[in-house]
Amino acid sequence: AQSVSQHNHHVILSEAASLELGCNYSYGGTVNLFWYVQYPGQHLQLLLKYFSGDPLVKGIKGFEAEFIKSKFSFNLRKPSVQWSDTAEYFCAVPYNTDKLIFGTGTRLQVFP
Amino acid sequence: DTGVSQDPRHKITKRGQNVTFRCDPISEHNRLYWYRQTLGQGPEFLTYFQNEAQLEKSRLLSDRFSAERPKGSFSTLEIQRTEQGDSAMYLCASSASGATDTQYFGPGTRLTVL
């Protein structure tokens, strides 16, 4: 069965610091990958997604993620975080081409 | 595009009572999903519909849970004889078709069972 691992459960950064959140998946076949974000008090929204092509995917608000097939990874990055990036971040993979399997999430706190 | 809406946003109930939640997907979306999220966890899949057909149910969905999507529009999720372990955020999402399409999530219904 497909599974998703996010090893960083809670990350605390100061503004302007660089961010990298890890995501590893278990399935070795064709892979589609998503990062969702949940800002405090708001619903889940898509940050970026990978389907095929360029393994470096750019999303909203300056986020990017790199798909590395050999490492089964899809890590999320941002060169300089802002206080407004404080949120919970979820990596997700479709299973059986339908439902999404989510990781446990990473809570990011950014201090001014 | 008004987004996915869910009602109610919060529900507090006593153990043993029945509850029903409603989800209104984005109007042109054929697929509708229900997920459950507990504190410190990512959303877990419960069930999904393609138009009015319920195509898959998770093992998490005991026989106390039932979902419908009459006429392929809004959906309801009913929990009978609620238990304290049912306390969670119930999320609805919709997409145009399969998993290659982005799933758009609603704000969720937070259920507290006392």
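This structure is a prediction, so every number in the text was calculated from the model and none was measured.

A. Geometry of the overall build of chain B. A tally of helices and strands in chain B yields zero helices and eleven strands. Tracing chain B from N to C terminus, the helices and strands come up as β-β-β-β-β-β-β-β-β-β-β. At 13 Å, chain B has a C-alpha radius of gyration in line with the 13 Å of a compact globule built from 114 residues. With respect to the principal axes defined by its C-alpha atoms, chain B has extents near 35 × 25 × 20 Å. Contacts in chain B between residues at least 24 apart in sequence constitute 53% of all its contacts with a sequence separation of at least 6. For chain B, the computed accessible surface area is about 5700 Å², with 44% contributed by carbon and sulfur atoms.

B. Highlighting the state of the cysteines. Taken as a whole, this structure holds two disulfides over all chains when the rule is applied. Between the sulfur of Cys23(A) and that of Cys91(A) lies a disulfide, 1.9 Å long from S to S. Between Cys23(A) and Cys91(A), the S-S torsion sits near -65°, and that sign places the bridge as left-handed. With Cys23(A) in the loop between strand S3 (19-21) and strand S4 (24-25) and Cys91(A) in strand S10 (residues 87-95), the pair connects residues that are 68 residues apart, well separated along the chain. A residue is classified by how much of its surface remains accessible, and Cys23(A), at 0% relative accessible area, is buried. With a relative accessible area of 0%, Cys91(A) lands in the buried category. A sulfur-sulfur separation of 1.8 Å characterises the disulfide bridge that pairs Cys23(B) with Cys92(B). When the S-S torsion is -70°, as for the bridge of Cys23(B) with Cys92(B), the disulfide is left-handed. Of this pair, Cys23(B) sits in strand S3 (residues 19-24) while Cys92(B) sits in strand S9 (residues 88-95), placing them 69 residues apart in sequence. An identical accessibility class is assigned to Cys23(B) and Cys92(B); each is buried.

Scoring rules and cut-offs
Per chain, the residues get numbers from 1 upward, laid out in the order the sequence is written. Written order decides the labels, with chains lettered from A and ligands numbered from 1. Selection of residues for local features in this predicted model requires a pLDDT of at least 70, selection of side-chain atom pairs for listing and counting requires 80 or more, and totals for whole chains, interfaces and linings are taken over all residues. With hydrogens and water stripped out, all remaining heavy atoms of the structure feed into the side-chain values. Note on conventions: DSSP H or I runs of at least 4 residues are helices, E runs of at least 2 residues are strands, and numbering of each starts at the N terminus. Put simply, the radius of gyration uses C-alpha atoms, and a globule should come to 2.2 Å times the residue count raised to 0.38. By the convention used here, residues are in contact when the closest approach between their heavy atoms is within 4.5 Å. Accessible areas in this description were obtained via Shrake-Rupley with a 1.4 Å probe; residue shielding takes into account the shown protein chains only. Two cysteine sulfur atoms form a disulfide, by the criterion used here, when they sit within 2.5 Å. A simple rule labels every residue: compare its accessible area, found with a 1.4 Å probe on the protein chains alone, to the largest value its type can have, and call it buried under 20%, exposed over 50%, or partly exposed in between.

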